[in-house]
Amino acid sequence: MKTNRRCRALLAVSLNLMALLFSTTAFITTHWCEGTQRVPKPSCGKEKKTNCLNYGGNETANETNQNVVHYSWETGDDRFLFRYFHTGIWYSCEENINAAGEKCRSFIDLAPASEKGVLWLSVVSEVLYILLLVVGFSLMCLELFHSSSVIDGLKLNAFAAVFTVLSGLLGMVAHMMYTQVFQVTVSLGPEDWRPHSWDYGWSFCLAWGSFTCCMAASVTTLNSYTKTVIEFRHKRKIFEQGFREEQNFLDQEAIKYFRERTEEERAEAGDLRLQCLHSCSPN
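Residues numbered from 1 in each chain as written. Predicted model: local features only at pLDDT ≥ 70, side-chain atom pairs only at ≥ 80, totals over all residues. Heavy atoms only, no water.

Per an unreviewed UniProt entry, the recorded name for the protein chain is Germ cell-specific gene 1-like protein, and the organism is Ptilonorhynchus violaceus.

What follows is the structure in structure tokens.
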């Protein structure tokens, strides 16, 4: 029983550690959502000669360059670029069309004023989610490595399960609130940021993977607690049943002993009486 309980505790610790690593990574990265933004092409210049608009410069020099669009009212979508962007809880980064690399800005500033409160509530929930995961992980480690008795281990197990379940619920609420804020920002956010197309990124998958590992850890911990309690009750029932049977056996043996003793005493008393009669009778 002790080996099985230790294996279950080790599994719960591993799942909780995975949930903690996944949630922390998702919280600090900027790939919750990613996609493309449609932005106007910049003007051609000395440093910018590709993917740009030519407003009447040297047309002969650019005739062979297919990436240069000659300005006309009839160019349509050719006047736009589709740049890659990715967004997290804290920052939104997009491809820099004027230079190499990316430029980032605060996603909190991009969110509409009506959604800032929900976004901050999502951030607080994410922080509490991570903190409760740390508490649950610490309790599980104490139960696994420093528990001196089974009763103390059961107490730590119960508290770890409660904290892990609470953290999972907070994480689920935080992820859903962030999704709601992002969808509203897509519709009501700044025009120079609104995505042309978008989808969820690997940070979002990590966040929900963390939630899955968290709930699996809580279920494993509760299962370990329940199985240990049931095993103790079963062993106690067997012990009490065996104790009653042994007590009944001892009582029957005692009754049998006293009966035999009484019969022996009666037989001895009869023999003494007969001897007395023989000794006292006249010749």
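Draft legend 1. How the structure looks around the overall build of the protein chain. Summing up its helical and strand segments, the protein chain has five helices and seven strands in all. Out of the 283 residues belonging to the protein chain, those deemed buried represent 36%. Sequence-distant contacts in the protein chain: of pairs separated by 6 or more residues, those separated by 24 or more amount to 71%. Accessible surface, the protein chain: about 17700 Å² in total, of which carbon and sulfur atoms supply 60%. (Helix = DSSP H or I, 4+ residues; strand = E, 2+ residues; numbered from the N terminus. Buried < 20%, exposed > 50% of the residue type's maximum accessible area, 1.4 Å probe, protein only. Contact = heavy atoms within 4.5 Å. Areas by Shrake-Rupley, 256 points an atom, 1.4 Å probe, with all protein chains shown as cover.)

Draft legend 2. Molecular detail of the confidence of the model for the protein chain. On average, the protein chain scores 78 in pLDDT, and the residues at 70 or more come to 64%. Predicted confidence is poor over residues 68-75, with pLDDT under 50, and the contacts of this stretch with residues over four places away or in other chains come to 18 contacts. (pLDDT = per-residue confidence, 0-100.)

Draft legend 3. Quick peek at empty space enclosed by the protein. Overall, the coordinates contain one cavity of 30 Å³ or more when judged by the stated rule. Reported here for the largest cavity is a volume of approximately 60 Å³. Those elements that provide at least two residues to the lining of the largest cavity are helix 1 (2-28), helix 3 (116-145), helix 4 (150-188) and helix 5 (202-280). In the lining of the largest cavity, the residues fall into six nonpolar, four polar and two charged. (1 Å grid on protein atoms, 1.4 Å probe; cavity = no way out; pocket = protein on both sides within 12 Å on 5 of 7 lines; lining within 4 Å. Points joined across faces, edges and corners; volume = space filled by probe spheres on them. Nonpolar A, V, L, I, M, F, W, Y, C, P; charged D, E, K, R; others polar.)

Draft legend 4. A look at the side chain of Thr185. Positionally, Thr185 belongs in helix 4. In this structure Thr185 comes out as buried when scored by relative accessible area, which is 0%. Setting aside residues up to four positions removed in sequence, Thr185 forms contacts with Phe107, Leu110, Ala111, Pro112 and Trp193.

Draft legend 5. How the structure looks around the packing of aromatic side chains. One pass over the structure, following the stated rule, counts 14 aromatic pairs. On the basis of an interplanar angle of 25° and a centroid distance of 6.2 Å, the ring pair of Phe107 and Phe182 is categorised as stacked. Of this pair, Phe107 sits in helix 2 (residues 107-110) while Phe182 sits in helix 4, placing them 75 residues apart in sequence. Given the relative accessible area of 0%, Phe107 is considered buried. Owing to a relative accessible area of 1%, Phe182 belongs among the buried residues under this scheme. Aromatic pair Phe204 and Trp208: ring centres 6.3 Å apart, planes at 65°, arrangement edge-to-face. Here Phe204 and its partner Trp208 are both found in helix 5, four residues apart, which amounts to about one turn of the helix. Of the residues examined, Phe204 reaches a relative accessible area of 13% and is grouped as buried. On the basis of relative accessibility, which here comes to 25%, the residue Trp208 falls in the partly exposed class. Linked through ring pairs, Trp32, Phe85, Phe107, Tyr178, Phe182, Trp193, Trp198, Tyr200, Phe204, Trp208 and Phe211 together constitute an aromatic cluster. (Phe/Tyr/Trp six-rings, centres within 6.5 Å; stacked < 30°, edge-to-face > 60°.)

Draft legend 6. Main features of the pairing of strand 6 (residues 102-106). As judged from the five bridges shared by strand 5 (residues 91-95) and strand 6, these two strands associate in the antiparallel manner. Bridging from a neighbouring strand, Glu94 pairs with Lys103 of strand 6. Taking the residues that link successive antiparallel strands as the turn, the strand 5-strand 6 hairpin has six residues, and the phi of Gly101 there is positive, at about 95°. (Pairing = 2+ DSSP bridges.)

Draft legend 7. Examining the pattern of salt bridges more closely. With the rule as written, the count across this model stands at two salt bridges. A cluster of three or more residues bridged by salt bridges with shared partners is formed by Glu94, Arg105 and Asp192. (Salt bridge = Lys/Arg side-chain N within 4 Å of Asp/Glu carboxyl O.)

Draft legend 8. Up close: a nonpolar patch on the surface. Among the surface-exposed residues, Val124, Val127, Leu128 and Leu131 lie close enough to one another that they form a single nonpolar patch of about 310 Å² accessible area. By the secondary structure assignment, Val124 is in helix 3. Residue classification places Val124 among the partly exposed positions, given a relative accessible area of 44%. (Patch = residues over 30% accessible without salt bridge, like charges linked within 9 Å, V, L, I, M, F, W, Y side chains within 5 Å.)

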